[in-house]
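Spelled out from the first residue to the last, the chains are:
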Amino acid sequence: MTMPLPELETVRDYLTGLQDRICAAIEQADGAAGFVEDRWAKDPATAGAASPILGGGCTRILRDGAVFEQAGIGFSDVSGSALPPSATASRPELAGASWRAVGVSLVFHPRNPHVPTTHANVRHFRAVRDGETVAWWFGGGFDLTPFYPVEEDVLHWHRTARALCEPFGGAARHAAHKRWCDEYFFLKHRGETRGVGGLFFDDLHGDFDHDFGYLRAVGDGFLDAYLPIVERRRDTPFGERERQFQLYRRGRYVEFNLVFDRGTLFGLQSGGRTESILMSLPPLVRWEYGFSPEPGSPEARLEAYLQPRDWLAAEGPGDPPVDPGME
């Protein structure tokens, strides 16, 4: 399937470069392990779907590093002749249209329980019928999932997000996409957010150049938001108690990704590459029936961070992002 969409190729080039830059930065931060690359292509003859996905991608995995127990970042460029019913139920104009989607998605699971897990994604979607684009949009964001949260780290995370929103709608853009993140990454059956939020947006399709600029700001801003927290927490001492709590809380990550995450569900329902779709899952995890942290314990502190909150309410909109190590 071909699409005469030069803008999409520009987005594709940006995304492959972004994957390269993030991999290089994470390898440097880890200092002991490197990414292993898995280039893949979909074979429509064995896709196992009524409307098989074509295309391919590049999945890179870092394992057993000094900082990261597992870090996965994948680029994909996939297309199809039709979307699954789950995708067209609320968007009937997409029924019968061919489509193409490019994106980069990452999830990093650190070894030290004091270093937060994180997720980021930036993507672009096009739907075409009879050679005409019937829909296009950008989506993405990033979010942070600490196990032993530190307020300075959370403030740095949200300050960085607010700063990158400034040229693209300022406080209104940040407030809207922060709220969307809090609402999206919410485990309804647990009554709690997956972490402390960040930014989330989808179906952004006003002006191509402006919206692509915002996508790049989010993609490029991720490392500014995350790496200072890694450097501050990577050498914090921990023991078996903290490790077991980390593994227990990772279970919430699995629950969200398998029950609620739209990207995971779309990928699996449309015949995507299962191994790459599920790279977001942690390498080790545990569940415990009826677990409740001891009141007043470090583990109990997490509960106060798992409800939506305006972390920057007391600060002026122009306050710059601050490296938590400098506070």
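Everything here concerns the structure above.
Residues numbered from 1 in each chain as written. Predicted model: local features only at pLDDT ≥ 70, side-chain atom pairs only at ≥ 80, totals over all residues. Heavy atoms only, no water.

### Observations concerning the packing of aromatic side chains
Counted only if it meets this: Ring pairs are drawn from Phe, Tyr and Trp, using the six-membered ring of Trp, whenever the two centres fall within 6.5 Å, and their geometry is named by plane angle: stacked under 30 degrees, edge-to-face over 60, tilted for the rest. Think of it this way: any DSSP run of H or I at least four residues long counts as a helix, any run of E at least two long counts as a strand, and we number them from the N terminus. Only protein chains enter the accessibility calculation, which uses a 1.4 Å probe; a residue is then buried when its area is under 20% of its type maximum, exposed when over 50%, and partly exposed in between. Two limits define a charge over a ring: the Lys NZ or Arg CZ must be within 6 Å of the ring centre, and within 35 degrees of the ring normal.
Inspection of every chain in the model, using the stated rule, returns 27 aromatic pairs. With centroids separated by 6.3 Å and ring planes inclined at 15°, the aromatic side chains of tryptophan 99 and phenylalanine 125 adopt a geometry described as stacked. Of this pair, tryptophan 99 sits in strand β4 (residues 98-110) while phenylalanine 125 is found in strand β5 (residues 117-129), placing the two residues 26 residues apart along the sequence. For the ring pair tyrosine 248 and phenylalanine 291, a centre distance of 4.5 Å and an interplane angle of 55° mean the geometry is tilted. Within this pair, whereas tyrosine 248 is found in helix α6 (residues 240-259), its partner phenylalanine 291 is found in the segment after α8 (274-277), the two being separated by 43 residues in sequence. Classification of tyrosine 248 as buried rests on a relative accessible area of 7%. One aromatic cluster is present, formed by Phe68, Phe108, Phe142, Trp157, Phe222 and Tyr226 through successive ring pairs. The aromatic ring of tyrosine 253 is capped on one face by arginine 194, whose charged end is 4.0 Å from the ring centroid. A cation sits over an aromatic face here: arginine 309 above tryptophan 311, 3.9 Å from the ring centre.

### A short note on the side chain of histidine 119
Put simply, the test is: Polar contacts, as counted here, are pairs of nitrogen or oxygen atoms within 3.5 Å of one another; within protein the pair requires one atom able to donate a hydrogen and one able to accept it, and residues that are adjacent in sequence qualify only if both atoms are side-chain atoms. What makes two residues a contact is simply this: any of their non-hydrogen atoms within 4.5 Å.
Of note, histidine 119 is situated in strand β5. Polar side-chain contacts of histidine 119 include one of 2.7 Å to the side chain of aspartate 143. In this view, histidine 119 contacts Ser105, Leu106, Val107, Gly141, Phe142, Asp143, Phe185, Arg194 and Tyr253; residues no more than four positions away in its chain are not counted.

### As for the state of the cysteines
Such a bond, covalent and formed between the sulfur atoms of two cysteines, is termed a disulfide. Note the threshold: When two cysteine sulfur atoms are found within 2.5 Å, that pair is recorded as a disulfide.
In total, this model carries zero disulfides according to the counting rule given. Cysteine 58 carries a free sulfur, and the closest cysteine sulfur to it, the one in cysteine 23, is 7.6 Å from it. By relative accessible area, cysteine 58 is classed as buried at 2%.

### Some details on unusual backbone geometry
The phi dihedral of aspartate 130 is positive, around 55°, even though this residue is not glycine. Tracing the chain through its elements places aspartate 130 in the loop between β5 and β6 (132-145). Of note in this structure, aspartate 203 is not a glycine but carries a positive phi near 55°. By secondary structure assignment, the location of aspartate 203 is in strand β9 (residues 197-204).

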